Amino acid sequence: MKALAAAILLAASAMTAPPAMAALAVGAMAPDFTTRGAIAGKTFTLTLAHQLKRGPVVLYFFPKAFTPGCSAEAREFAENIDRFKAAGATVIGMSADPVDDLVAFSTKECAGKFAVASAGPAIVSSYDVALKLRPGMTDRTSYVVAPSGRIAFVHSEMNYAGHVKSTLAAVEAMKAR
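Residues numbered from 1 in each chain as written. Predicted model: local features only at pLDDT ≥ 70, side-chain atom pairs only at ≥ 80, totals over all residues. Heavy atoms only, no water.

Sorry if this is basic, but what is going on with the layout of surface pockets here?
A probe as big as a water molecule, rolled over the atoms, marks out the empty space that is left. Considering only enclosed or pocket space, the largest pocket measures out at about 200 Å³ in volume. Taken together, 14 residues line the largest pocket, and the ones lying closest to its centre are Ile39, Gln51, Arg54, Thr90 and Ala115. Listing elements by their share of the lining of the largest pocket, those giving two or more residues are β2 (42-47), α4 (81-86) and β4 (90-95). Counting residues per element, the lining of the largest pocket draws most heavily on β4, at three residues. (1 Å grid on protein atoms, 1.4 Å probe; cavity = no way out; pocket = protein on both sides within 12 Å on 5 of 7 lines; lining within 4 Å. Points joined across faces, edges and corners; volume = space filled by probe spheres on them. Helix = DSSP H or I, 4+ residues; strand = E, 2+ residues; numbered from the N terminus.)

This is the structure in structure tokens:
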């Protein structure tokens, strides 16, 4: 019965999500990866499988650190981080930027409240988030990855408005199940 309810919730989430540009669909397995990231100005090694042991993970891909939309999106995630944590979710920003750039971004724009990590070419390809018109950058796609490793929700739109609200609603709905 619980499995049926979860399937209905996933289907409803997919129907209410904005049209996704990303190829990974709800229900697909999220590709595991290991990369370097930063939180509060300190670098560390991040592995998705390890993060999923704690609960759902919000992977939000953004085009470039310190650009107006990406900074505003990071600040909005930081402002809402307590709500994500209350829902059991970990937020991780992902960009093709080098880790050195993300160290400063993690402190200034993320307010040290969540990790940002470097998405190298293999990660960008496996999550299908390459910004087609700007090689070396990612598009703006937010994935909610369930602890099972499956994609539970996708929001893919270049305008940052709505990414935080929609991913927060998705993780809160997962917690309510």
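Read on for the rest.
It is not clear to me how the packing of helix α3 (residues 68-79) against helix α7 (residues 163-176) should be interpreted in this structure. Could you clarify?
It is at 9 Å that the axes of α3 and α7 come closest, and there the two elements cross at 35 degrees. α3 and α7 meet at a crossing whose hand is right-handed. Only His163, Val164, Lys165 and Thr167 of α7 make contact with α3, whose side of the interface consists of Glu73, Glu76 and Phe77. Residues belonging to the contact of α3 with α7 are distributed by class as follows: two nonpolar, two polar and three charged. (Axes fitted to C-alpha atoms, helices over the stretch in contact; angles between N-to-C directions. Left-handed = near helix turned anticlockwise from the far one by under 90°. Contact = heavy atoms within 4.5 Å. Nonpolar A, V, L, I, M, F, W, Y, C, P; charged D, E, K, R; others polar.)

So, to be careful, I would describe these as geometric facts and stop short of saying anything about function.
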